[in-house]
Each structure stands twice: as C-alpha cells, then as structure tokens.
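Analysis of the macromolecular model
What follows is the residue order along each chain.
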Amino acid sequence: GTVPLPTNCVVPFGIAKNFSGNNNSTTTDTVAPILSNIVITPTQTGATIKWSTNELANGVVYLSTSTPVSTSTSAATHTTLVKDHTVTVSGLASSTIYYAVITSKDGAGNVGTSSTVSFTTLAPAPDTTAPIISGVIATVSTTTITGWWTTNEPATTRIYYSTTTPINILTSPFIENTALVTSHSLTVPNLGTSTLYYLIFESKDATGNTQRTSQFSVTTSGI
C-alpha cells in the first residue's frame, strides 16, 4: 500500500510522485502523416492513384480541372488505415489535364496533405473500324433508283451508278449526302427507262473509315 507522508516532512522534488502511487504518463499523437511516392497512372476515363505514408492512415483524393483544387468534394476515398495506399477514380474526360490533392488521416485524427500534382487522361483510341452496312434495299421507277440501308454508326451516304461493269469508283458518277446518319436513303435521278444499272452503296464514318456494298444491278421500269 501507499505510505502516507508525515505532514511535517520535506521530500525532495520528484520523489513525492513515487509515494503518491501515480506513475502513469500518456503521450498525445499530434503529428500528421507524411505522404510520399505519389504515382498516378491515367486511363482514357480515369486514373489509379498510389502513395505511401509513414504511419497507418486512410486516404482521400480531390480532383479538379483547375487550380487551386477544391477539397469540398472528394473524388475517391479509402477508410482502411494502411501505409501503402491505392484508389481508383473513374468518369473523367479523355485528353484532359486534372489536378489532384491527396490527404491521409491517422488514427488520432491528424491529417497530412500532399502538394498539388497533375496528370493527363489518355486520348481515345483511334477509330479504325469501318461502318457496317445492313438492310440494303433498292427500288426503281422509270427514271430513278432509290437506295436504303442502315449503318451501325453515323456515316455518309453515297451511291455509285453506271451502265457499264465493273463500276470504277474513281470515275463513275455518284450522288451523295455528307450528313452523318445511321438510316440512309438516297435517290439517283434522271436515269434512262428500261435500262440496266450497276450500283454500289457506300458509307464513310467521321474518321474516314469507308464501307461499300458489293456491286449489284437493277433495271429501271419501261414507260
């Protein structure tokens, strides 16, 4: 048990503490985590962000297309207390510069904040696929031929026509609508009656990929 001190006894400083029986001390953590090794790997519409902290902490990432970066709304978070951090953000615009600020909070509530870092999302992959033409129909009258077809992406509408075969697309006459559409309809006017015509339908998408039908033939009606 604790031995009470005489009321008239003078005890040197530091010794009385031992007599009191209270030898416990606590240290409050007031030091924020230190963030380092920030690595950002962008994709076309997102990014993976990695960093390290010198102590266990969570992570929050803030993004903006301008600086300073607002920290009112986070782009990604993780709540697990770790030293090696990874978060993924999505829904970003392609070919765009983004600025990021990262924070990590330790178990005592101390928050470390990174400097502003930037990255650029990737550009879309080049479109090298031609439109797919389907539902081809050709109808005739005495002096016209009308063609209909569809494409799986917006594209132009062109009909080559000739009374000789094979059609030479470099020299044969054609009619065209340059609007980018998926439902195509075009009429070739001023044709001869009761005449055999050879046709090729063509569509070209916004990046210049071109698809043509095989050559086929129809005959206009007689008068």
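Just so we're clear, the structure is a prediction, and the values are computed from it rather than from any experiment.

**Section: the packing of aromatic side chains**
What the rule picks out here adds up to four aromatic pairs. Centre to centre, the rings of W149 and F201 are 4.6 Å apart; their planes meet at 20°, and the pair counts as stacked. Placement of the pair is W149 in strand β8 (residues 145-162) and F201 in strand β10 (residues 196-204), with a sequence separation of 52 residues. When its relative accessible area of 2% is taken as the criterion, W149 is described as buried. The class of F201 is buried, set by a relative accessible area of 1%. Aromatic side chains F201 and F216 sit 5.2 Å apart centroid to centroid with 85° between the ring planes, which places their arrangement in the edge-to-face category.

**Observations concerning unusual backbone geometry**
Residue T67 is joined to P68 through a cis peptide bond whose omega torsion reads 0°. With respect to the secondary-structure elements, P68 resides in the loop between β2 (47-64) and β3 (76-89). In this model, T165 is joined to P166 through a cis peptide bond whose omega is -5°. With respect to the secondary-structure elements, P166 resides in the loop between β8 and β9 (174-188). Although it is not a glycine, S95 sits at a positive phi angle of roughly 55°. Its place among the elements puts S95 in the loop between β3 and β4 (97-105). Using a relative accessible area of 45% as the deciding quantity, one classes S95 as partly exposed. Although it is not a glycine, S194 sits at a positive phi angle of roughly 50°.

The rules behind each value
- Residues numbered from 1 in each chain as written.
- Predicted model: local features only at pLDDT ≥ 70, side-chain atom pairs only at ≥ 80, totals over all residues.
- Heavy atoms only, no water.
- Phe/Tyr/Trp six-rings, centres within 6.5 Å; stacked < 30°, edge-to-face > 60°.
- Helix = DSSP H or I, 4+ residues; strand = E, 2+ residues; numbered from the N terminus.
- Buried < 20%, exposed > 50% of the residue type's maximum accessible area, 1.4 Å probe, protein only.

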